[in-house]
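The residues making up each chain are set out below.
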Amino acid sequence: MTARLLVCSVLLACLGCAGPALVSRDVQNEPALLIRLDAYADPAGVAEVKNDHPAVWADGDLEAMLGRLLVEERAGLLEKVPPPEPVFSPDEARLLAPGVRRAFQMAGPPEWIVFAVARQAGGGQTVTSGGLFLKDQLLHVVIANHREPVASGSDGLKQVRAHPLRALKRTGKTLGFNPPKAVVSSAESWPAGYGGTPAAALVLDLPTFMASTTLPAPTAPAGDGDLKAQVERLREEIERLKEKLEDQEVEIARLKARLGESDGAQRKPPKKSR
C-alpha cells in the first residue's frame with residue numbers, strides 16, 4: 001500500500017510542476033460546468049502515468065461518492081472549528097456525475113479528469129474545481145478550489161477553467177469522507193496546486209466504499225404494453241384480496257355466532273331437582 005501511494009504521490013507531484021505542457025480533451029464544456037481529460041504532451045510524462053483508465057462506474061455509485069465528500073478546516077489542538085460540510089450540494093453531485101462517469105469511460109491510462117463548477121452568488125460567482133483519477137483500486141480526489149468567490153468579469157474563473165488543479169489561494173482545508181473507514185489518506189497537498197499553492201487531496205479505497213453503499217438496481221421505464229400488464233396484475237391482486245377479505249368476514253361472523261351460543265349456554269341457570 002505504501003509503495004502504491006508513493007507512486008501516486010509522484011504523479012501528483014508531476015501534476016504540480018509549474019506550467020506543465022498538457023494536451024486536453026473536452027468531455028463537457030459549458031459556462032457553468034467544465035469536465036475534461038488532461039495528459040502530458042511530453043511522451044516521457046505519458047509513459048510514466050499509468051492509471052486504471054478507462055473505468056466504468058455503476059449508475060448512482062459516482063453520484064453517491066461525490067455526495068459523501070466532505071471539506072474540513074485545518075486547526076490546532078485547542079482551536080474550535082466548524083463541522084465538516086459537503087464538498088458538493090446534492091444538485092452539484094447530480095450535475096457532475098454523468099459527465100465525470102463518461103470521462104472515466106473515455107479516459108486512457110495516461111489521462112486524469114479535471115472539472116470546474118461555477119455557481120452564481122450575490123453579484124458574482126463561486127467556483128469549485130479539482131481532479132480525479134483511479135490507480136490500484138484507489139480513487140484520488142483533489143479539490144483545489146472550494147466555492148471560491150470570483151468577481152464577475154474578472155479573470156479568476158478563466159484561470160480556474162484553464163487550470164482546475166491550480167488553487168487561487170491557500171485555504172488550509174482538507175478533505176474527508178463518509179464513511180471515514182474508506183479513507184486511505186487525506187492531507188493538504190502542495191503537488192496538486194500549480195504555482196506552489198496547496199490543495200486538498202484525498203485517497204479512497206474503492207472496495208471499502210462500495211461495500212458501505214447499498215443502491216437500488218436501476219429499472220427501465222415501462223412501455224405502454226408493460227404498463228397495461230402491470231395494471232391488469234394489480235386488478236387481479238385486488239380482486240383476490242377482496243375475496244380473501246370476504247371469506248375472513250364470513251369466518252369471523254361464524255366464530256362470533258358460536259361464541260354467542262357458548263356464552264348463552266354458560267349463563268343458562270341449572271334445573272332444580274325435585
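Anything mentioned here points back to the structure above.
Residues numbered from 1 in each chain as written. Predicted model: local features only at pLDDT ≥ 70, side-chain atom pairs only at ≥ 80, totals over all residues. Heavy atoms only, no water.

Visitor: Break down the pattern of salt bridges for me, with residues and values.
Guide: As a working rule, side chains carrying opposite charge can pair if their charged atoms are close by. In the structure shown here, the tally under the stated rule is six salt bridges. Across the pair Arg-94 and Asp-91 runs a salt bridge whose closest N-O atoms are separated by 2.4 Å. Of the two residues, Arg-94 and Asp-91 are both situated in helix H4 (residues 90-106); the distance of three residues between them amounts to about one turn of the helix. Taking the relative accessible area as the measure of exposure, Arg-94 reaches 44% and is therefore partly exposed. (Salt bridge = Lys/Arg side-chain N within 4 Å of Asp/Glu carboxyl O. Helix = DSSP H or I, 4+ residues; strand = E, 2+ residues; numbered from the N terminus. Buried < 20%, exposed > 50% of the residue type's maximum accessible area, 1.4 Å probe, protein only.)

Visitor: Run through the pairing of strand E2 (residues 33-40), naming residues and quoting values.
Guide: Extensive coverage of E2 is indicated by the burial of eight of its eight residues. The alternating pattern of E2 places Leu-33, Ile-35, Leu-37 and Ala-39 and Leu-34, Arg-36, Asp-38 and Tyr-40 on opposite faces, both of which are buried. Relative to E2, strand E1 (residues 22-30) is paired through eight bridges, and the arrangement is antiparallel. Within E2, the residue paired with Leu-22 across the bridge is Tyr-40. Taking the residues between adjacent antiparallel strands as the criterion, E1 and E2 are bridged by two residues. Looking at chain direction, E2 and strand E5 (residues 112-121) are connected through six bridges and run antiparallel. Looking at E5, one finds that Leu-33 is bridged to Val-117. (Pairing = 2+ DSSP bridges.)

Visitor: How would you explain the packing of helix H3 (residues 61-68) against H4 if you had to name every residue and give the values?
Guide: Where H3 contacts H4, the two axes come as close as 9 Å, and the packing angle between them is 130°. Comparing their axes, H4 and H3 come out oblique. The two elements H3 and H4 meet at a crossing, and its hand is right-handed. Together, Leu-62, Glu-63, Leu-66 and Gly-67 of H3 and Ala-93, Arg-94, Leu-96, Ala-97, Val-100 and Arg-101 of H4 make up the contact between the two elements. Of the residues contributing to the contact of H3 with H4, the split by class is six nonpolar, one polar and three charged. (Axes fitted to C-alpha atoms, helices over the stretch in contact; angles between N-to-C directions. Parallel < 35°, antiparallel > 145°, perpendicular 65-115°, else oblique. Left-handed = near helix turned anticlockwise from the far one by under 90°. Contact = heavy atoms within 4.5 Å. Nonpolar A, V, L, I, M, F, W, Y, C, P; charged D, E, K, R; others polar.)

Visitor: Any details on the nonpolar core? Residues and values, ideally.
Guide: Residues Met-65 and Leu-139 are the most contacted members of the largest nonpolar core, which totals 37 residues. Per element, the largest residue contribution to this core is six residues, and it comes from H4. (Core = buried A, V, L, I, M, F, W, Y, C linked by side-chain atoms within 4.5 Å.)

Visitor: So what's going on with the environment of Glu-111? Which residues, and what values?
Guide: With respect to the element layout, Glu-111 can be found in the loop between H4 and E5. Sequence separation of Glu-111 and Val-23 is 88 residues, and the distance between their C-alpha atoms is 9.3 Å. The contacts of Glu-111, once residues within four sequence positions are left out, are Arg-25, Leu-37, Asp-38, Ala-39, Asn-51, His-53 and Met-106.

Visitor: Can you break down the sheet that holds strand E4 (residues 85-86) residue by residue, with the values?
Guide: Taken in spatial order, the three strands of this open sheet run E4-E3-E8, and their pairing is antiparallel. Here the strands that pair on one side only, and so sit at the sheet edges, are E4 and strand E8 (173-177). Where strand E3 (residues 69-73) meets E8, five bridges bridge the pair, whose relative direction is antiparallel. Within E8, the residue paired with Leu-70 across the bridge is Gly-176.

Visitor: For the pairing of E8, give the residues involved together with the corresponding values.
Guide: Put simply, side chains in a regular strand alternate between the two faces of the sheet. Within E8, five of the five residues are buried, which leaves it mostly tucked inside the rest of the structure. Because side chains alternate across E8, one face comprises the buried residues Lys-173, Leu-175 and Phe-177, and the other comprises Thr-174 and Gly-176, equally buried.

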